[in-house]
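Now for the letters of each chain:
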Amino acid sequence: MFKYFLLTLLLAYYFTPALIFSYFSISIQTADDEYDFIIVGAGTTGLVIANRLTEIPNVKVLVLEAGEEDYPNFFISIPGLCGFAQLTSVNWGYLTVPQKHACQAMEGQKSHWPRGKVVGGSSSLNFMIYTRGNSDDFDQWERSGAEGWSYEDVLPYFKKSENFTGNSEDIEESFHGKSGPLKIGSIRGSALHDIFEEGMSELGIKTGDYNGEDQQGYMNVQRTMYDGVRINAARAFLYPIIDSRRDQLHLLTRAFVKKVEFSDGRAVGVHYTRDGKKYSVRARKEVILSAGSIGTPQIMMLSGVGEEEHLKDIGIPVVANLPGVGSNLQDHLMTPGCFKAKNIPRDWNGADILNPINAGFTDHGPGNYIPK
C-alpha cells in the first residue's frame, strides 16, 4: 500500500506543476505563417502596444516572448519576494563589465543587471516603483529631433494608462489618471512613514509628487501594486483583454528571436527558435522590437542594423549603418541610506511586506487577483 502512496506522490510532484501551468496558460503552441504586426518581447512596452493595436478590428498581432508565462509564480505576485524572483529563470542574469568607481564590494566589481525573461518583462521582477522620469529628459528628446516626445506631448498617455488608487494627498491630481488599466498605489504601510515625514518637515524639506510638476523634495513612493499583489504589464494590459481578442492576439512563449528579416530595406519578418527548432514568421505591416534596453539593440545588430565597421568585423552583413545602436546605455543610480531611529512602535513588523493579503500594507485591505 505504501508503495502506491509513494508512487502517487512522485507522479503528483512531476505532473502537478505542468497541469497548473497548462490550465492558466494563454500561450499558443504554433504561430501562423503571417501576421499584420509582430512584436518581439512581451514586456512593459510590448504588451501595451499589443493591447492598443488589437483595439483595431481585424488586425492580427503576434507577440514573441523568450521566457515563460508569469502566472502562477508567487515570486512575481508577492511584492516582498521580488528579490528572490531575480534569482530565478525569469531573469536573464546579465552582469555589467567591471566598474571603475562603483561595485567595489562585488565580485569582479561587476553589477547584477536584472532583466525580465518572462511575460511582463522587467515589470515582473522589479521593485514596482512607478517613476515616469524627469520631464526635461522628454523635452530634450524633442529638442534633439524626436518630434512629439516632449513631456507635454506624452503626459496625456501616462494619464490615460494610469488608474491611481492610492491616497490623493500624495499626488498632484492634474498629473495623474484614475480610469486606465494600470493600477498605481502609494505606500503608507507602517508607522515609520509618519515618523520620516515629520522628520523631513522639521528639516524644511517639502513633501511632493515625483510624477508631478516639481520632482525635488520628500516623496511618498508610488508603486505598481494593488490589494497586496504586483501589477505587472501582463495583469494590466494582457489578461483583461486576451479572452475577447484571441482571434486577433497570439502570444508565443519560449520564442527566442535571432534576427529581423529585411527586404529592400523594409522589415518583413523575424527568425526565431523555440524548443531547439528554427522558425520564421512574416509581417504584413510592421515588426516592432520591444525586447528591452539590452535585447532590442542586440537583435538590431544581429540583423545588420548598427555601426558598419563593428558589424563587418564580426561578419554580419550591413543593412543600415546606424552607429548609435548599442551605444549610450544609461541606468539610474542607487545610493542606499541607513537611518537610526528611537522609540519605534512595536506594532510594526517588517515581515508584513511578505504577506499579500495584509490589510496594513495594501490600499484596499485583503484580496488577490487571479488572471483567469
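See the structure printed just above.
Just so it is clear, the model here is predicted, and its values are computed rather than measured.

Calculation rules
Residues numbered from 1 in each chain as written. Predicted model: local features only at pLDDT ≥ 70, side-chain atom pairs only at ≥ 80, totals over all residues. Heavy atoms only, no water. Helix = DSSP H or I, 4+ residues; strand = E, 2+ residues; numbered from the N terminus. Buried < 20%, exposed > 50% of the residue type's maximum accessible area, 1.4 Å probe, protein only. Areas by Shrake-Rupley, 256 points an atom, 1.4 Å probe, with all protein chains shown as cover. Contact = heavy atoms within 4.5 Å. Salt bridge = Lys/Arg side-chain N within 4 Å of Asp/Glu carboxyl O. Polar contact = N/O pair within 3.5 Å; in protein donor to acceptor, adjacent residues only side chain to side chain.

Draft legend 1. Structural context of the overall build of the chain. Looking only at helices and strands, one finds ten helices and 17 strands in the chain. Counting every position in the chain, which comprises 372 residues, the buried fraction comes to 39%. Carbon and sulfur atoms form 55% of the exposed surface of the chain, whose accessible area is close to 22100 Å².

Draft legend 2. Region of the structure containing the side chain of T253. By the element assignment, T253 lies in the loop between β12 (249-252) and β13 (256-263). Residue class for T253 comes out buried when judged on its relative accessible area of 1%. With residues near it in sequence (within four places) discarded, T253 still touches S27, E65, G67, E68, E69, V119 and R274.

Draft legend 3. Broad picture of the pattern of salt bridges. Summed over all chains, the structure comprises 14 salt bridges. Put simply, D32 and K60 hold a salt bridge, and the shortest N to O gap is 2.6 Å. With D32 in the loop between α1 (2-24) and β1 (34-40) and K60 in the loop between α2 (44-53) and β2 (61-64), this pair connects stretches of sequence that are 28 residues apart. For D32, a relative accessible area of 30% puts it in the partly exposed group. Here K60 falls in the partly exposed class, since its relative accessible area comes to 22%. Measuring nitrogen to oxygen at the nearest pair gives 3.4 Å for the salt bridge that ties E55 to R52.

Draft legend 4. Structural detail: helix α5 (residues 135-143). Backbone nitrogen of D136 and a side-chain oxygen of the N-cap are separated by 2.9 Å at the start of α5; the cap is N134. Note on α5: the residue one or two positions beyond its end, G145, has a positive phi of about 120°.

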